[in-house]
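Chain and residue survey
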Amino acid sequence: HGVLSGGATTSGREVIFTGATSSCITVPTFSLASEISMCAWIKPTTWLGNMFIVSKKPVNSQWSMFIQSDQHIYMTGGSGSTHSVATTGLTANTWHHVVGTITGTTAKLYLDGVGTTGTVTAIANGTTAGTNDILISTYDGGGSYIFTGRMRDVRLYNRVLSAAEVAELYKRGM
């Protein structure tokens, strides 16, 4: 559960992000040890450049999953300089299921049930960094790289989901 801000609204089970500065959901004081799975159904409506799906503050020293202007999904873990990229692009105004997992230096991204692998630096999750906020649709709350569109069924797990679990979530739909 989180707090809506900056013009983010709900419609049924969906959250609508307008792209306005600080349009996001903040999930306070959440700590994960060394593994994470991030999942969401997303429907981007426009490509205004880079857009974050979910991130843990501070960006570039924690983990995040985001869309670049090339319409591919990227993920960081730790230093922010190493990425894992999805192999296919997104389509605007279409629902997509995205899942990112990180354990140690191994990352896996899934787009609509299809996976890819890559390498990221280990998750930075030290004593103070471990309890920083998680943001949905932005990073660091600074009003940059705001997701524009709709999201639903955003999930975080403190373990890596298997390919079979990801396939089941995708098969179930929204």
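Here we summarise the structure given alongside this text. Everything quoted here is computed from the prediction, not taken from an experiment. (Residues numbered from 1 in each chain as written. Predicted model: local features only at pLDDT ≥ 70, side-chain atom pairs only at ≥ 80, totals over all residues. Heavy atoms only, no water.)

**Thoughts on the pairing of strand S10 (residues 96–103)**
One face of the sheet, then the other: side chains in a regular strand alternate in exactly this way. Judged by how many residues are buried, S10 sits mostly within the fold: seven of eight residues are covered. Two elements, strand S5 (residues 35–44) and S10, share eight bridges in a ladder whose sense is antiparallel. When the bridges of S10 are listed, Glu-35 appears paired with Thr-103. Sheet analysis places S10 next to strand S11 (residues 106–111), joined by six bridges and oriented antiparallel. Bridging across to S11, Val-99 finds its partner in Tyr-110. Counted along the chain from S10 to the antiparallel partner S11, the turn is two residues long, and its residue Gly-104 has a positive phi close to 60°. (Buried < 20%, exposed > 50% of the residue type's maximum accessible area, 1.4 Å probe, protein only. Helix = DSSP H or I, 4+ residues; strand = E, 2+ residues; numbered from the N terminus. Pairing = 2+ DSSP bridges.)

**Details of the nonpolar core**
By size, the foremost hydrophobic cluster in this structure holds 27 residues, and its most contacted members are Phe-17, Met-38, Ile-42, Ile-53, Met-65 and Val-98. Apart from residues lying up to four places away in sequence, Phe-17 is in contact with Ala-8, Ser-23, Cys-24, Ile-25, Ile-136, Ser-137, Phe-147, Thr-148, Gly-149 and Met-151. Membership of the second largest hydrophobic core comes to seven residues, among which are Cys-39, Tyr-157, Val-166 and Leu-169. (Core = buried A, V, L, I, M, F, W, Y, C linked by side-chain atoms within 4.5 Å. Contact = heavy atoms within 4.5 Å.)

**Focus on the environment of Ser-34**
As for its position among the elements, Ser-34 is in the loop between strand S4 (24–27) and S5. Owing to a relative accessible area of 46%, Ser-34 belongs among the partly exposed residues under this scheme. Separated by 69 residues in sequence, Ser-34 and Thr-103 have C-alpha atoms that sit 6.2 Å apart.

**A few points about unusual backbone geometry**
Even without being a glycine, Asn-93 presents a positive backbone phi close to 60°. Within the secondary structure, Asn-93 is located in the loop between strand S9 (83–85) and S10. Residue Asn-93 is classed as partly exposed on the basis of its relative accessible area of 47%. With a phi close to 50°, Asp-153 is a non-glycine residue in the positive phi region. Its location among the elements puts Asp-153 in strand S14 (residues 148–157). Residue classification places Asp-153 among the partly exposed positions, given a relative accessible area of 24%.

**A word on the side chain of Glu-14**
Locating Glu-14 in the fold gives a position in strand S3 (residues 14–18). Owing to a relative accessible area of 14%, Glu-14 belongs among the buried residues under this scheme. Polar side-chain contacts of Glu-14 include one of 2.6 Å to the side chain of Arg-150. If near-sequence neighbours (up to four positions away) are discounted, Glu-14 is found in contact with Thr-9, Trp-95, Arg-150, Met-151 and Arg-152. (Polar contact = N/O pair within 3.5 Å; in protein donor to acceptor, adjacent residues only side chain to side chain.)

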